[in-house]
Amino acid sequence: MKKKDRLFAKSPWLRVFEFNREVASVFDDMAERSIPHYKEVLEMTARICHRLMPRGGYIYDLGCSTANLFGFLSIYFEEENFQYIGIDSSQAMIDKARQKYKKKQNIQLLYADINELDFPHASAIIANYTLQFINPSHRLKILKNVYASLLPKGIFIASEKIKDPNAEIDELFQEFYYNFKKEMRYSDQEIARKREALENILIPLSLKANLKLVKKAGFNKISLFFKWYNFASFLAIKD
Ligand SMILES: C[S@@+](CC[C@H](N)C(=O)[O-])C[C@H]1O[C@@H](n2cnc3c(N)ncnc32)[C@H](O)[C@@H]1O
């Protein structure tokens, strides 16, 4: 049973958002109730990896949290046919992921900062809802590293909360997003408190700015495969 996310309903609550032990303990419920179409996007990510990535290398999951992607990859790949490396800078998330997949042979979980790592021998590199938490001025360096690390024809998949360049549209999409959270049974108070806690921690760029960074990192083949108002997922393939 997933533990329900009530973090912003009780007092005291987290004033500045971080991926600490409390967040890790409710993360799976939080992700499903805070990220529109979270499970579908992970499923699409796994399906694309299965169809497109060159074989023989690792699947890296940057900012893997509790490694939910591993479960979706396991639907498409036989255990012996993929090697997953999940990386997260939250020890609590890595501990939680290790508990979940104790018995699996084809998973490695690393407590590390993706700003400071290379991703050798990569068939696929995934960053679902992670770059948005990285200082924007550091994102290009990571993406260049992603490009350099991929095997020929290797794939990169990222999902991000995005900001619409048109302020009116951006506001409208935010409103739709908060309605989604209400439908997921978060109260107005929980929504407002979390929004404040995420101020300057989750920094969305526009879709165009995200794609520009990916192109600048070296990718020429880039496709959007999912969009929901202010959330987008895209795929890039190394030539
Ligand atoms: C919204 S969660 C990602 C969700 C996850 N990818 C999934 O699909 O379930 C963002 C994660 O990125 C991790 N993170 C943030 N900055 C990081 C960094 N510099 N290096 C590694 N992980 C980082 C956080 O600890 C957190 O677990």
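Residues numbered from 1 in each chain as written. Predicted model: local features only at pLDDT ≥ 70, side-chain atom pairs only at ≥ 80, totals over all residues.

This next bit is on the site of the ligand. Taken together, 21 residues form the shell around the ligand, and within it F19, G63, S89, S90 and N128 come nearest. For the shell around the ligand, the secondary structure elements donating two or more residues are α3 (68-76) and β2 (84-88). Class assignment for the residues of the shell around the ligand results in 11 nonpolar, eight polar and two charged. (Near = placed C-beta within 6 Å. Helix = DSSP H or I, 4+ residues; strand = E, 2+ residues; numbered from the N terminus. Nonpolar A, V, L, I, M, F, W, Y, C, P; charged D, E, K, R; others polar.)

For K4, the position within the fold is in the segment before α1 (21-34). Once residues within four sequence positions are removed from consideration, K4 is found in contact with V26 and D29. (Contact = placed C-beta atoms within 7 Å.)

Here we come to the pairing of strand β6 (residues 221-228). Of all eight residues in β6, zero are buried, a share of ten percent or less. As paired strands, β6 and strand β7 (residues 231-237) are joined by seven bridges and run antiparallel to one another. Its bridge partner being in β7, W228 is matched across the sheet by F231. Hairpin connection between β6 and β7: a loop of two residues separates the two successive antiparallel strands, and Y229 in this loop has a positive phi of roughly 45°. (Buried ≥ 20, exposed ≤ 12 C-beta atoms within 10 Å, placed from the backbone. Pairing = 2+ DSSP bridges.)

With that settled, the discussion passes to the pairing of strand β5 (residues 150-161). Extensive coverage of β5 is indicated by the burial of nine of its 12 residues. By the bridge criterion, six bridges tie strand β4 (residues 122-128) to β5 in an arrangement that is parallel. Its bridge partner being in β5, A122 is matched across the sheet by L150. Assessed by its sense of winding, the connection that carries the chain from β4 through helix α5 (residues 136-149) to β5 is right-handed. Pairing geometry for β5 and β7, over seven bridges, is antiparallel. (Right-handed = clockwise from strand over helix to strand, strands pointing away.)

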